[in-house]
Amino acid sequence: MADPKDKNKEDELAGTEQPFVQHLMELRDRLLYCVYGLVVAGVLLAIWPGPAGLIDMIAVPIRAHMPPDAKLIAIGVFSPFFVPLKVLGMTAVLLALPWLMYQAWMFVAPGLYSHEKKFALPLIFFGSLLAYGGIAFVQFFVLDKMFGFIQKFTPPSVNATPDISSYVEAILSLYIAFGVAFQVPIVVMLLVRFELVTIEKLRSFRGYFIVLAFVVAAVLTPPDVVSQLALAIPMCLLYEVGIIGARYFTKYSKPPEESADSAQS
């Protein structure tokens, strides 16, 4: 005999099935919307502050620790052309990130139950904020402290003039590492929500996660103590935030029938 709860779920999504070709067309449309968003973001950034302005902005942390008249150099023949375009594309993706996440949400939303929609959109918004927070943390804190630490080891006879291409690659890897690492609360809450782990298990795993955070930081960041600590410590703090948030997130994202059963019991 079928469970009435399962019947309610089936009724909620009844008639929403679409042919496979229609799914492909919907995916095509969402990808096109993503491309349009990236193009608009790229055009706006090309107008202001422009590729050169973006390079000047991201170069602020390292130039603060270089001699007053020193500049970054471009070793490659095509570096003065391709590196600013690379930075422009990277910044366009960051600027359009909420739009890209919204398109992903619009693609999967028709197949979600109402209670799943309630927590999916806030998670996307919260995840975008965490990614922005991680990148801002790199730009305004980590890079300054990291370059200040590194410059202390530069001998007086050495003129430290980094290549712009290697500099962009280095900070891009840090942006990605911190942006992904700052998603720890989202991962923790989803693990608890889908009953893959319990909050008690996460608390008992706390010591192992601290070790794991420092291992991840050692792998993803340059070989300096400052950047490794700057990634590992926030990861540990965000792990605790995820544990605290998981309790409330699990409670308010339950299906209506489960919430009713919990209230009766």
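Residues numbered from 1 in each chain as written. Predicted model: local features only at pLDDT ≥ 70, side-chain atom pairs only at ≥ 80, totals over all residues. Heavy atoms only, no water.

J.: Help me understand the overall build of the chain, please; the structure alone is not making it clear to me.
T.: When you go through the chain residue by residue, the secondary structure sums to 13 helices and 0 strands. Each helix (α) and strand (β) of the chain, taken in turn from the N terminus, gives the series α-α-α-α-α-α-α-α-α-α-α-α-α. Here the analysis covers contacts within the chain between residues at least 6 apart in sequence; of these, 83% occur between residues at least 24 apart. Roughly 16,000 Å² of accessible area belongs to the chain as shown, and the carbon and sulfur atoms make up 71% of that amount. (Helix = DSSP H or I, 4+ residues; strand = E, 2+ residues; numbered from the N terminus. Contact = heavy atoms within 4.5 Å. Areas by Shrake-Rupley, 256 points an atom, 1.4 Å probe, with all protein chains shown as cover.)

J.: Which parts of the structure should I look at to understand the layout of surface pockets?
T.: Over the atoms, a rolling probe the size of a water molecule traces out where space has been left empty. Each pocket or cavity is described by its volume, and for the largest pocket that value is around 470 Å³. Along the wall of the largest pocket there are 19 residues; nearest its centre are Met57, Ile58, Thr91, Leu94 and Gln139. Broken down by secondary-structure element, the contributors of at least two residues to the lining of the largest pocket are helix 3 (50–58), helix 4 (60–63), helix 5 (79–95) and helix 7 (114–151). Among the residues forming the lining of the largest pocket, the class breakdown is 17 nonpolar, 2 polar and no charged. Taken as a whole, the second largest pocket holds about 280 Å³ of empty space. Lining the second largest pocket are 15 residues, with Met101, Ala120, Leu123, Ile124 and Ile186 sitting closest to its centre. If you list the elements that add at least two residues to the lining of the second largest pocket, you get helix 6 (97–108), helix 7 and helix 9 (184–193). For the lining of the second largest pocket, the class distribution of residues is 11 nonpolar, 3 polar and 1 charged. (1 Å grid on protein atoms, 1.4 Å probe; cavity = no way out; pocket = protein on both sides within 12 Å on 5 of 7 lines; lining within 4 Å. Points joined across faces, edges and corners; volume = space filled by probe spheres on them. Nonpolar A, V, L, I, M, F, W, Y, C, P; charged D, E, K, R; others polar.)

J.: What exactly am I supposed to notice about the side chain of Ser128 here?
T.: Examined against the element boundaries, Ser128 turns out to sit in helix 7. Those residues in contact with Ser128 that lie beyond four places of it in its chain are Leu97 and Met101.

J.: Would you take a moment to explain the pattern of salt bridges for this structure?
T.: A side chain with one charge can pair with a side chain of the opposite charge if their charged atoms come near. Applying the stated rule across the entire model yields 3 salt bridges. With a shortest N-O distance of 3.0 Å, Asp29 and Arg28 are connected by a salt bridge. Classification of Asp29 as partly exposed rests on a relative accessible area of 24%. (Salt bridge = Lys/Arg side-chain N within 4 Å of Asp/Glu carboxyl O. Buried < 20%, exposed > 50% of the residue type's maximum accessible area, 1.4 Å probe, protein only.)

J.: Can you walk me through the packing of aromatic side chains in this structure?
T.: Describing an aromatic ring pair means giving the distance of the ring centres and the angle of the ring planes. Evaluated as defined, the whole model comprises 12 aromatic pairs. A centroid spacing of 5.8 Å and a plane angle of 35° characterise the contact between Phe147 and Tyr167, whose relative ring orientation is tilted. You can see Phe147 sitting in helix 7 and its partner Tyr167 sitting in helix 8 (residues 164–181), a full 20 residues away along the chain. Given a relative accessible area of 11%, Phe147 falls into the buried group. Judged by its relative accessible area of 4%, Tyr167 falls in the buried class. A ring pair is formed by Phe209 and Tyr239, whose centres lie 4.1 Å apart and whose planes are at 15°; its orientation type is stacked. With Phe209 in helix 11 (residues 206–220) and Tyr239 in helix 12 (residues 225–252), the pair connects residues that are 30 residues apart, well separated along the chain. Among the aromatic side chains, those forming a connected cluster through ring pairs are Phe137, Phe141, Phe178 and Phe182. The aromatic ring of Phe194 is capped on one face by Arg193, whose charged end is 5.8 Å from the ring centroid. (Phe/Tyr/Trp six-rings, centres within 6.5 Å; stacked < 30°, edge-to-face > 60°. Lys NZ or Arg CZ within 6 Å of the ring centre and 35° of its normal.)

J.: Can you walk me through the side chain of Thr221 in this structure?
T.: Tracing the backbone shows Thr221 in the loop between helix 11 and helix 12. For Thr221, a relative accessible area of 8% translates into the label buried. At 2.4 Å, the side chain of Thr221 forms a polar contact with the backbone oxygen of Ala217. In contact with Thr221, other than residues within four places in its own chain, are Leu174, Phe178, Ser227, Gln228 and Leu231. (Polar contact = N/O pair within 3.5 Å; in protein donor to acceptor, adjacent residues only side chain to side chain.)

J.: Could you clarify how one ought to interpret the packing of helix 7 against helix 9 in this entry?
T.: Following both chains from N to C, one finds helix 7 and helix 9 inclined at 160°, their axes separated by 10 Å at the closest point. Compared by their axis directions, helix 7 and helix 9 come out roughly antiparallel. Each of His115, Phe119, Leu123, Phe126, Gly127 and Leu130 in helix 7 lies in contact with helix 9, whose residues at this interface are Pro185, Ile186, Met189, Leu190 and Arg193. Here the residues of the contact of helix 7 with helix 9 are counted per class, giving 8 nonpolar, 2 polar and 1 charged. (Axes fitted to C-alpha atoms, helices over the stretch in contact; angles between N-to-C directions. Parallel < 35°, antiparallel > 145°, perpendicular 65-115°, else oblique.)

J.: Explain the nonpolar core to me, please; I cannot follow it from the model alone.
T.: Soluble globular proteins tend to bury their nonpolar side chains together. Of all hydrophobic cores here, the largest spans 56 residues; its most connected members are Ile58, Val87, Leu143, Tyr167, Tyr175 and Phe178. Counting residues per element, this core draws most heavily on helix 12, which supplies 10 residues. Once residues lying within four places of it in the same chain are set aside, the contact partners of Tyr167 are Ile58, Ala59, Pro61, Ile62, Leu72, Leu143 and Phe147. (Core = buried A, V, L, I, M, F, W, Y, C linked by side-chain atoms within 4.5 Å.)

These results come straight from atomic positions and should not be treated as a statement about function.
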